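Here is how the chains run, residue by residue.
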Amino acid sequence: MEETWEGKKPGLKKTVFGALIAIALIVLPHFLGDYLIHVITMGLLFGYLGLAWNLLGGYAGQFSFGHAAFFGIGAYTSTLLQIHHGVNPWLGLFFSGLAGLLLGLFIGFLCFRYGLKGPYFALAMLAFAEMLRLLATQWMSLRYPLGISIPLKGDSFADFQFRSKIPYYYLCLILTAGLVYLMRFIERRKTGLYFKAIRENDDAAEAMGVDVFRYKLIAMALSAFLTAMGGTFYAQYYLIVEEESAFGTGISVAILLGPLVGGVGTIGGPILGGFVLEFLSEVTRNLLGAYSGVHLMIYGALLVFVIIFMPNGIFGGIKVLVKKVCKYGG
Amino acid sequence: MTIPGAGVVLQSIVNGLLMGGVYSLISVGLTLIFGVMKIINFAHGSIMMLGMYITYWLYVLLGVDPYLSLFMSIPSLFLVGLILQKFLISPVMGAPEHNQLLLTLGISLFIENLALLVWTPNFRSLEIPYLKKAFLLGPVMVTVPKVIAFVFALVLSGIVYFFLKKTDLGRGIRAASEEREGAMAVGINLKKVFYVAFGIGTACAGAAGTLVAPFFYVNPQAGATFVITAFVVVVLGGMGNFMGAFLGGLIVGLAESLGAAFMPGQIKQFIIYVIFVLVLLFKPEGLFGRNVGR
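How each quantity is defined
Residues numbered from 1 in each chain as written. Chains lettered and ligands numbered in written order. Predicted model: local features only at pLDDT ≥ 70, side-chain atom pairs only at ≥ 80, totals over all residues. Heavy atoms only, no water. Helix = DSSP H or I, 4+ residues; strand = E, 2+ residues; numbered from the N terminus. Rg over C-alpha atoms; globule rule 2.2 N^0.38 Å. Areas by Shrake-Rupley, 256 points an atom, 1.4 Å probe, with all protein chains shown as cover. Buried < 20%, exposed > 50% of the residue type's maximum accessible area, 1.4 Å probe, protein only. Contact = heavy atoms within 4.5 Å. Lys, Arg positive; Asp, Glu negative; His and termini not counted. Charge placed at Lys NZ, Arg CZ, Asp CG, Glu CD. Salt bridge = Lys/Arg side-chain N within 4 Å of Asp/Glu carboxyl O. Buried area = accessible area lost by both parts, 1.4 Å probe. Phe/Tyr/Trp six-rings, centres within 6.5 Å; stacked < 30°, edge-to-face > 60°. Lys NZ or Arg CZ within 6 Å of the ring centre and 35° of its normal. Core = buried A, V, L, I, M, F, W, Y, C linked by side-chain atoms within 4.5 Å. Pairing = 2+ DSSP bridges. Axes fitted to C-alpha atoms, helices over the stretch in contact; angles between N-to-C directions. Parallel < 35°, antiparallel > 145°, perpendicular 65-115°, else oblique. Left-handed = near helix turned anticlockwise from the far one by under 90°. Expected span 1.5 Å × (residues − 1). Polar contact = N/O pair within 3.5 Å; in protein donor to acceptor, adjacent residues only side chain to side chain.

**Student:** I'd like a rundown of the overall build of chain B, residues and numbers included.
**Tutor:** Along its length, chain B carries 11 helices and 2 strands. Moving toward the C terminus, one meets the helices and strands of chain B in the order α-α-α-α-β-β-α-α-α-α-α-α-α. For 294 residues, the compact-globule estimate of 2.2 N^0.38 gives 19 Å, and the C-alpha radius of gyration of chain B, at 19 Å, lies within 12% of that figure. Taking the principal axes of its C-alpha atoms as reference, chain B extends roughly 60 × 45 × 35 Å. Of the roughly 11,700 Å² of accessible surface on chain B, 72% is carried by carbon and sulfur atoms.

Quick look at the structure:
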């Protein structure tokens, strides 16, 4: 693995390339219809969630099977605050992140304090997400049998509600771009290296003087904070929150599947993966229509395929290919 | 929280033990797979669900008695196990553990949602007169299909136990689960051991599916609740420990049933997750330690 940690200056080519992509993404929605904007927005959202997951799973090496716990707590926090206490959803976005962070610290403290690793940590996360789903069902389903609807306010920036899809697109773009920037920042700092050291071998990292427990907690809290904010965005986008689409296992799988498909531990991977997933689920939805759960079937098949044939994701696969070509091509 | 009377408590104990027998059978299969292959089989519940549907359709379409359909569900899910092992599990035997878990999660998502597509999410139940009967055992009401399921589960677990203890192949499986390299060194065919262990594991899940079909709603998600219960049992009994899984099944059955008597509603499932996390955190080596057949 190549590590750059003293801020290596990106070359001119890279800067121009990045600027072109940025301009393309900014003008893009004005050339597309509502449906395509929706697809791209969801691709970006799952890219964003995948990046947030990747911080804990890909960098710090703690695979979570239950990120729906954070996603759902985010969606519910801002929505309930808004409905019952009239809290502005922009403020709600922050409170959601905070709620996610606290939950992350709580779960992280328990799991890492008692040394849960690998599949056991993954399963514990799954259990926490399921517990929250059951609690949400128990407490909410009597009062809101069809899910909680956020009252319509029309086109209002102040209320985080828009008739057009374009503002949502830009918001999601800003969130994702911000997270990409944050990841690049962390990657070059001491924290990023500590995460990677923990991922490769946490006993060795501990022996080298890394406070493993503390850095695992940092990764967990940050990842949870970001994921929960994604939950609020999702709630404001659909203006409805219900247990299954907030805390369901399907969400946990969708969040981790993006990075896995694209490439765990990379920045481009989760975003690419998010788009691949969204594209696949739209295609199956259009082909097979009303059957709910078909996209989960596809996710399952994709998961199996990726693990067996592309354990390093698309990005990892490309890296290997490039290396091979370079080797034989001289 | 409600305080139930002594009759209710006794009733819960009996029901819990009866259900616990089935949990034991599922968990014995899961722990066998873990012990030998070090793989946590998330698809165990989906396999069980397939067993339920085999029994359901054999009865509805051909009128086959549900317990006779054991002769169908056991071999066919043994075969499913072999196929899974050959094409999906064996390529990842050397992969990181979380990838293996992701793989079995993917398999279970696929099977479950395929079932949802093919058989719809409708809850189905077997309407068989002799299975609707119940009898009084002192102050306790016992339903016939639960007793039959309990007896069959004990017998099948016993057969697996004796297979592991008394046959060469069974000894090979136990050896492989204790010390893989050592087993290979003394000439045990590991490949064969993996196939048989995975096959027996999935066959146990399938048999359990058949056994609960007469008194449980048959639906594509039915296995999902059982698999978590089985995880709890397997961790509680010590990952890979046969007797641990067997006793753990009875204990968890009892705990769940008594818990439900005191705290009704969806909380029952919630408690299973709480126990699961608590055991993982504080007693990850289980009540009885690890390894098969101790």
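**Student:** Kindly report on the overall build of chain A, identifying the contributing residues and their values.
**Tutor:** Helix and strand counts for chain A come out as 14 helices and 2 strands. Along the three orthogonal principal directions, the C-alpha set of chain A runs to about 65 × 50 × 35 Å. Buried residues in chain A amount to 52% of all 330 residues. A separation of at least 24 residues holds for 78% of the contacts in chain A among residues at least 6 apart in sequence. Looking at chain A as shown, the accessible area adds up to about 15,400 Å², and 69% of this sits on carbon and sulfur atoms. Positive and negative side-chain charges in chain A, numbering 24 and 18 respectively, have mean positions lying 8 Å apart.

**Student:** Tell me what's going on with the pattern of salt bridges, and back it up with residues and numbers.
**Tutor:** Residue and element names in this part refer to chain A. On inspection of all chains with the given rule, the structure shows 6 salt bridges over all chains. We note a salt bridge from R199 to E200, for which the minimum N-O separation is 3.1 Å. Among the residues examined, R199 registers a relative accessible area of 22% and is labelled partly exposed. Taking the shortest distance from any N to any O, the salt bridge between D202 and K216 comes out at 3.1 Å. In this pair, D202 is assigned in helix α8 (residues 202-207) and K216 in helix α9 (residues 212-238), connecting sequence segments 14 residues apart. Just as D202 is buried, K216 falls in that class too. Salt bridges here are not isolated pairs; linked through shared partners, they connect K117, D202 and K216.

**Student:** I'd like a rundown of the interface of chain A and chain B, residues and numbers included.
**Tutor:** Facing the 36 residues of chain A at the interface are 37 residues of chain B. Across the chain A/chain B interface, buried area totals approximately 3,500 Å², and carbon plus sulfur atoms make up 84% of it. Per-residue buried area on chain A facing chain B is highest for Y120, L134 and M297 of chain A; these three make up 18% of the total on that side. Taken together, the connections running from chain A to chain B amount to 0 salt bridges.

**Student:** Pulling in residues and values, what's your account of the packing of aromatic side chains?
**Tutor:** Using the criterion set out here, one finds 31 aromatic pairs over all chains in the structure. With a centroid separation of 5.1 Å and an interplanar angle of 65°, the aromatic rings of F71 of chain A and Y234 of chain A are classed as edge-to-face. In this pair, F71 of chain A is assigned in helix α3 (residues 68-85) and Y234 of chain A in helix α9, connecting sequence segments 163 residues apart. Neither F71 of chain A nor Y234 of chain A differs from the other in exposure class; each is buried. For the pair Y23 of chain B and F226 of chain B, a centre-to-centre distance of 6.0 Å together with 65° between the ring planes defines the contact as edge-to-face. One end of the pair, Y23 of chain B, is in helix α1 (residues 6-37); the other, F226 of chain B, is in helix α9 (residues 222-237), with 203 residues separating them in the sequence. On the accessibility criterion, Y23 of chain B (6% relative accessible area) is buried. When the ring centre of Y114 of chain A is taken as reference, the NZ or CZ atom of R113 of chain A above it lies at 5.2 Å.

**Student:** So what about the nonpolar core? Which residues, and what values?
**Tutor:** One broad rule of soluble globular proteins: the nonpolar side chains tend to lie buried together. Formed by 195 residues in total, the largest nonpolar core has its most connected members in F65 and F233 of chain A together with M37, L102 and F231 of chain B. It is helix α5 (residues 118-140) of chain A that contributes the most residues to this core, 16 residues altogether. Those residues in contact with F65 of chain A that lie beyond four places of it in its chain are A122, M125, L126, S252 and L256 of chain A together with H98, L101, L102 and L105 of chain B.

**Student:** With reference to specific residues and values, describe unusual backbone geometry.
**Tutor:** Here the phi dihedral of F160 of chain A falls at roughly 60°; this positive angle occurs in a residue that is not glycine. Within the secondary structure, F160 of chain A is located in the loop between β1 (148-149) and α6 (166-188). Within the chain, T120 of chain B stands out as a residue other than glycine whose phi angle is a positive 60°. Considering the arrangement of structural elements, one finds T120 of chain B in the loop between α4 (97-119) and β1 (134-137).

**Student:** With reference to specific residues and values, describe the environment of W90 of chain A.
**Tutor:** Residues and elements named next belong to chain A. Take W90: it is sitting in helix α4 (residues 89-113). Of the residues examined, W90 reaches a relative accessible area of 25% and is grouped as partly exposed. Through-space distance from the C-alpha of W90 to that of A158 is 7.7 Å; in sequence the pair is 68 residues apart. Those residues in contact with W90, other than ones at most four positions away along the chain, are F157, A158, D159, F160 and L171.

**Student:** Go over the pairing of strand β2 (residues 140-143) of chain B with me, naming the residues and quoting the values.
**Tutor:** Side chains of β2 of chain B alternate between two faces, with V140 and V142 of chain B buried and M141 and T143 of chain B left unburied. Once β1 of chain B ends, the chain turns through 2 residues before running back antiparallel as β2 of chain B, passing G138 of chain B with a positive phi of about 65°.

**Student:** Which residues make up the packing of helix α2 (residues 44-62) of chain B against helix α8 (residues 190-212) of chain B, and what values do they have?
**Tutor:** All names here are of chain B. Packing of α2 against α8 brings their axes to within 7 Å, and their N-to-C directions diverge by 45°. Our classification of the angle between α2 and α8 gives oblique. Judged by the twist between their axes, the crossing of α2 over α8 is right-handed. Between α2 and α8, the contacting residues are H44, I47, M48, G51, M52 and T55 on the first element and G201, T202, A205, G206, A208, G209, T210 and V212 on the second.

**Student:** Residues and numbers for the side chain of S64 of chain A, please.
**Tutor:** In this structure, S64 of chain A sits in the loop between α2 (34-59) and α3. Setting aside anything within four residues of it in sequence, one finds S64 of chain A in contact with W53, L56, F121, M125 and L256 of chain A.

**Student:** Can you tell me about helix α10 (residues 242-262) of chain B, naming the residues and giving the values?
**Tutor:** Spanning 21 residues, α10 of chain B covers 30 Å between terminal C-alpha atoms, matching the ideal 30 Å at 1.5 Å per step. At the N-terminal boundary of α10 of chain B, the capping side chain belongs to N241 of chain B, with an oxygen 3.1 Å from the backbone nitrogen of M243 of chain B.

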